[in-house]
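An overview of the molecular structure
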Amino acid sequence: MINRIAAGEVVERPASVVKELVENAIDAGAMRIEIATAGGGMSLIRVTDDGIGLDPDDLPLAVERHCTSKLDRGLDAIGTLGFRGEALASIGSVARLTLSSRRRGADEGWSIAVDGGRVGAPRPVAMSEGTRVEVTDLFFATPARLKFMKSERAEAAAVADIVRRLALAHPGIRFSLAGSDRALTDFEAANDLWDRIAQIVGADFRANAIEVDAIRENVRLTGLAGLPTFNRGNALQQYFFVNERPVRDKQLLGALRAAYADLMYRDRYPVAVLFIDLAPHLVDVNVHPTKAEIRFRDAGLVRGLVVGGLKEALASAGHRATATGGTAMSSAFARRPPLPVISHTGPRQDFYAAPLVPPQGFAEPEQAAFADMPMSADIRPTAEPLPEGDAAAHPLGAARAQVHANYIIAQTADGIVVVDQHAAHERLVYERLKAGLASRDVPRQMLLVPEVVDLPEDDVARLDERAEELTEFGLVLEAFGPGAVAVREVPAMLKGLDVGALVRDLAGELAEMDATTLLRSQLDRVAGTMACHGSVRSGRRLRPEEMDALLREMERVPHSGQCIHGRPTYIELKLADIERLFGRR
Ligand code: ADP
Ligand code: MG
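The sections below set out a description of the structure shown in this document. The model shown is predicted, which means the values in this text are computed figures rather than measured ones. (Residues numbered from 1 in each chain as written. Chains lettered and ligands numbered in written order. Predicted model: local features only at pLDDT ≥ 70, side-chain atom pairs only at ≥ 80, totals over all residues. Heavy atoms only, no water.)

**Considerations on the site of ligand 1**
Rule in force here: To be near a molecule or strand, a residue needs just one of its heavy atoms within 4 Å of it. A 3.5 Å cut-off defines polar contacts: any pair of N or O atoms within that distance qualifies, except that in protein one atom must be a possible hydrogen donor and the other a possible acceptor, and neighbouring residues in sequence count only when both atoms are side-chain atoms. Computed with a 1.4 Å probe, the accessible areas rest on the Shrake-Rupley method; for each residue, only the protein chains presented here act as cover. Helix and strand labels come from DSSP, where a helix needs a run of H or I of at least four residues and a strand needs a run of E of at least two; each type is numbered from the N terminus.
Around ligand 1, the surrounding shell holds 19 residues, and the nearest of these are N24, T68, S69, K70 and G85. Residue N24 places a side-chain N or O atom 2.8 Å away from an oxygen atom belonging to ligand 1. With respect to ligand 1, the side chain of S69 contributes an N or O atom lying 2.5 Å from an oxygen atom. Protein coverage of the free-state accessible area of ligand 1, which is 530 Å², stands at 93%. For the shell around ligand 1, the secondary structure elements donating two or more residues are α2 (14-27) and α4 (87-94).

**Topic: the pairing of strand β4 (residues 109-115)**
Note the following rule: Only when DSSP finds a minimum of two bridges between them are two strands counted as paired.
Pairing analysis gives six bridges linking strand β3 (residues 96-102) to β4, with the strands arranged antiparallel. Among the inter-strand pairings, L99 is bridged to a residue of β4, identified as I112. Taken together, β3 and the strand that follows it, β4, pair antiparallel across an intervening segment of six residues, in which G105 is found at a positive phi of about 90°. With three bridges joining them, β4 and strand β6 (residues 123-125) adopt antiparallel strand pairing. Across the sheet, the residue bridging to W110 is P124, located in β6. As paired elements, β4 and strand β5 (residues 118-119) share two bridges and run antiparallel to each other. Residue pairing for β5: D115 is matched across the bridge by R118. Taking the residues between adjacent antiparallel strands as the criterion, β4 and β5 are bridged by two residues, where G116 takes a positive phi near 55°.

Such coordinate-based values are descriptive only and should not be taken to indicate function.
Shown next as structure tokens:
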């Protein structure tokens, strides 16, 4: 009965059994671990390893509660994944368990069975060196728990998730996951962590992630953090490890979220594989029987490390956006149906008959045969290349044209870049606002005539209450009677601003915000709203100098690869990809 009560905590679902058994195999020094399940793990879980194995004498002890071989250095210096000596006893009390093992160097293997808590006698068994644990009929002895299981498919997915997490933490070990629940997955022993990450989270993640390596007071953070544009709709692709132990810790997930806070929409999730390493005595893993939660002795330090380390890494990525944007674009091109065959009669013939236009034709567009083609393109009159040597310093290239009054086409050393001018400018204004706020200096511009904006009374009250704080953001306003505010000054960096629309949006934001928190600490929302209003609208024609200035500023300003909603601000198409599209490669 005591074992079953304990099992309620340790063995929550099939995935927790898999976790315990695989951790035992890792602790036993296995290089190869095979996991098989059936019926979502409810009917069968089998974990086979090639680790050190157990002596026959130890088999009855291993399935006994509180028996462990791993506490020789005490609770303050836990170097193994297990230490509670509870797993096998707990599993054996709620299922049928067979533990078979052949010690390294021994001539024969031995096996012991536990059936709903009743331990049988050890028997010899033919097997190779290592250990095999087979668990069938999980929770048959505790029907109440059985009722709480989700669908077989959900349980099988949870098993796969925990195996992926454990495999990420141990790249040198080969893991295979088989059984009737799924097609065989095999993670070959990887050369290094990066290869293992590519195996498990995907090669595209690796290509769209930034390496993180930060240290604070002997606590180290390493791993890969996805570019903000490489985001997901859920948190399943967020992996944290503390001293190689996979954890799902709310504080760590919160720190990850905070690091990306102003880089993506609230309902999007960054992808990350992050490892925290610190001296064992600085972390308590004995908080919860499943050890998925942990306590750091200095939680603030760890949070600071995660938020700070990630922010630094992301800032160093500068204007980089999702690199595979170009690939997606070229496959979109490639997937286009073939152009219809044009009949050689009718007006199109003139087009074909027109003389080829020499390059200088760009200088006199009215003479070009396609000058009146229905395309809203502003071709840059003088297409001078970037000066030699500048290509490396200016990865976004030289602006060549603006099309559809929102997209800037630029030529780079080895391809072309298409910039969404509105998204890019929004990010730049946002970063300027933030920088201005940090130095308490957001330049303001006085309006010649104060602009009076009519608003519902409670909106007026909310804005008026926050007037002093809004001044910090460069917005000076006051109540103007009960149903209006008068705006006297606006942030100088917001050009061509529709003051009324901004104030109305801000009032809406304020209504949703926590009234007791300073605007300064809800900066991402306020500055985001302002930036959105103050940026170059799509639809505005830009002069060549303006386009180049925008590109240069994007190269300088951190995070400019994505707008504040996490969408990319530019995409790149390499010449090689263009050539491939034309079948030249
Ligand atoms: P813990 O891992 O906390 O020690 P368990 O109940 O998981 O407790 O395992 C009990 C003991 O059985 C372990 O301490 C270890 O000595 C032995 N053991 C379990 N699984 C294996 C394995 N795969 N290979 C070798 N020994 C094992
Ligand atoms: Mg264990």
